Amino acid sequence: MKSVKLNENVAVSENGFVFNAQKGDSFSTNDTGKIIIGMLQKGHDTDEILAELLQQFNIDGPTLEKDLYDFLKTLEQLNLLSL
Amino acid sequence: MKKSVTVALSGLNVVDSPGPGISVARALKESPDFDVKIIGLAYEVMEPGIYMRNEIDKTYQVPFPSKGHEVLLERIKEIHAKESIDLIIPNFDAELMPYIKMQKKLADLGIATFLPTEEQFDARLKGNLQDFGQKYGISVPKSVAAFGVEDMLRKIDNYTQYPVMVKGKFYEAYIAHSREQAVYYYNKLAAKWGTPIILQQYVKGREYNVCALGDGKGTLIGAVPMRKTYITDTGKGWAGITIKDDDLVEMARHMIEQTQWRGGLELELIKDERENVYLIEINPRFPAWVYLTVGAGQNQPADMLKLALGYETEPRTHFEVGKMFIRYSYDMIVDLQDFAQFSSTGEL
């Protein structure tokens with residue numbers, strides 16, 4: 001289990017538009033990204049996110065874990081969260 | 001029913017590097033307290049604002065500040081006799097000092113201004129910014145004025161290193177990565193704006209701007225931080241978005257409290273990777289993007305109008321985050337007779 005903290009100034013809209021209100025940056029994400037960011041906003045940890053994604057998608061655990069980590073690293077590089 | 005007032009303002013050059021006049025005029029037209037008649041003060045016949053009748057009710061040509069403030073004052077007296085001006089808002093850096101010097105005489109005529117003091121204006125000049133930072137406890141990149149190419153090269157060697165910001169006296173700035181680039185930019189800026197040229201330590205980080213209003217007694221009346229989201233080839237912000245960054249608002253509050261700044265201003269700031277905020281420049285008047293403050297819920301020009309006319313106005317702390325401005329260019333069709341009238345009579 002790893003707890004990650006989404007920047008409190010990050011907002012995501014229903015259509016996957018991500019806005020960092022502190023920096024003025026905006027991004028687009030797909031449905032999977034929306035699920036992940038939505039769960040981070042609600043305070044879920046990475047284990048809970050992995051479990052939810054495994055339930056929703058036909059993918060093996062190790063691949064999903066790697067993809068999730070890559071996505072979180074991207075969010076960190078974009079100043080959207082702290083790992 | 002709203003009280004009618006007449007405001008004269010300059011900066012009608014809404015061109016690729018736009019003056020703030022039209023944005024200020026639009027903001028004043030939306031004042032909740034006053035019904036504002038806008039008198040444009042134009043220097044040249046091709047300033048687009050002259051022909052923008054929805055924003056500017058009447059325009060008069062005025063002499064360039066370089067002619068001396070007595071000449072300008074005489075022209076303002078002529079205009080005042082016809083229009084009964086309540087307030088003048090100069091929107092060009094280069095005309096602020098003449099207006100600061102004239103403000104007592106303007107007040108005697110019954111014309112209000114709302115300008116920084118001569119000391120405030122001088123203290124924030126690019127060449128004095130480092131002393132300004134030290135005096136008021138504000139982080140400012142090291143900067144020094146250069147009065148010739150040799151002087152500049154010596155100062156770069158002694159005080160800073162490459163890359164270095166090479167800045168014009170009033171406008172424009174370039175990053176020089178080498179001695180050759182520094183010389184090229186020096187000559188380019190000196191030819192356009194005169195000397196001194198300002199050398200400033202290059203700070204790596206993100207650039208932000210804050211549009212703010214001080215009441216002259218140390219109170220921040222409003223502040224809206226913005227990040228430019230589109231910058232033109234000439235370095236002008238063509239789009240921007242309001243952001244939520246308390247550090248930037250705090251910098252504006254600190255600066256206005258410490259200096260007791262009177263009037264509108266724009267702070268140019270850089271935040272480095274460690275979130276340190278550096279003050280890069282203070283523009284001593286509202287910027288061309290000031291209408292974004294209206295869009296975000298703080299009509300700063302309208303608040304300044306109230307203050308200038310002696311009314312109280314409460315400090316504003318709220319603004320909408322995520323409001324954007326996007327500029328566009330637009331071809332107006334102008335009748336030759338309008339152009340001819342302004343060219344020959346100096347009035348339209």
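Residues numbered from 1 in each chain as written. Chains lettered and ligands numbered in written order. Predicted model: local features only at pLDDT ≥ 70, side-chain atom pairs only at ≥ 80, totals over all residues. Heavy atoms only, no water.

Trainee: Before we move on, could you go through the nonpolar core and cite the residues and values that matter?
Mentor: All names here are of chain B. In terms of nonpolar packing, the biggest core is built from 34 residues, with V7, L9, L28, V36, I89 and L305 touching the most fellow members. Taken together, the elements giving at least two residues each to this core come down to β1 (3-9), α1 (21-29), β2 (34-42), β4 (87-89), β9 (206-215), β10 (220-231) and α10 (300-308). Structurally, this core is a two-domain feature, drawing no fewer than three residues from each of domain 1 (3-113 + 331-345) and domain 3 (204-326). Discounting residues that sit within four places of it in the chain, V7 has contacts with L28, V36, K37, I38, I39, L87, I89 and L305. With 30 residues, the next largest nonpolar core counts A212, L220, L279 and A296 among its residues. (Core = buried A, V, L, I, M, F, W, Y, C linked by side-chain atoms within 4.5 Å. Buried < 20%, exposed > 50% of the residue type's maximum accessible area, 1.4 Å probe, protein only. Helix = DSSP H or I, 4+ residues; strand = E, 2+ residues; numbered from the N terminus. Domains from an automatic or database assignment. Contact = heavy atoms within 4.5 Å.)

Trainee: I'd like to hear about the sheet that holds β9(B), residue by residue, with values.
Mentor: Residue and element names in this part refer to chain B. If you trace the six strands from one edge of the open sheet to the other, you get β13-β12-β9-β10-β11-β14, paired in antiparallel fashion. Looking at the sheet topology across the chains shown, the edges are occupied by β13 (277-283) and β14 (324-326). The average angle at which neighbouring strand axes cross in this sheet is 30°, direction not considered. By the bridge criterion, five bridges tie β10 to strand β11 (residues 237-242) in an arrangement that is antiparallel. Within β11, the residue paired with K228 across the bridge is G240. (Pairing = 2+ DSSP bridges. Axes fitted to C-alpha atoms, helices over the stretch in contact; angles between N-to-C directions.)

Trainee: Mind laying out the interface of chain B and chain A, listing which residues take part and the relevant values?
Mentor: Counting residues at the interface gives 13 residues for chain B, matched by seven residues for chain A. With both sides pooled, the region where chain B packs onto chain A buries about 750 Å², and carbon together with sulfur makes up 39% of that total. Linking chain B with chain A are three salt bridges. Across the pair B:R227 and A:D25 runs a salt bridge, and its minimum N-O distance is 2.5 Å. The interface formed by chain B and chain A holds seven residue pairs in polar contact (both at pLDDT 80 or more) in total. Going through the elements one at a time, β9, β10 and β11 of chain B are the ones with two or more residues in the side of chain B that touches chain A. Grouping the amino acids of the side of chain B that touches chain A by side-chain chemistry returns four nonpolar, three polar and six charged. (Buried area = accessible area lost by both parts, 1.4 Å probe. Salt bridge = Lys/Arg side-chain N within 4 Å of Asp/Glu carboxyl O. Polar contact = N/O pair within 3.5 Å; in protein donor to acceptor, adjacent residues only side chain to side chain. Nonpolar A, V, L, I, M, F, W, Y, C, P; charged D, E, K, R; others polar.)

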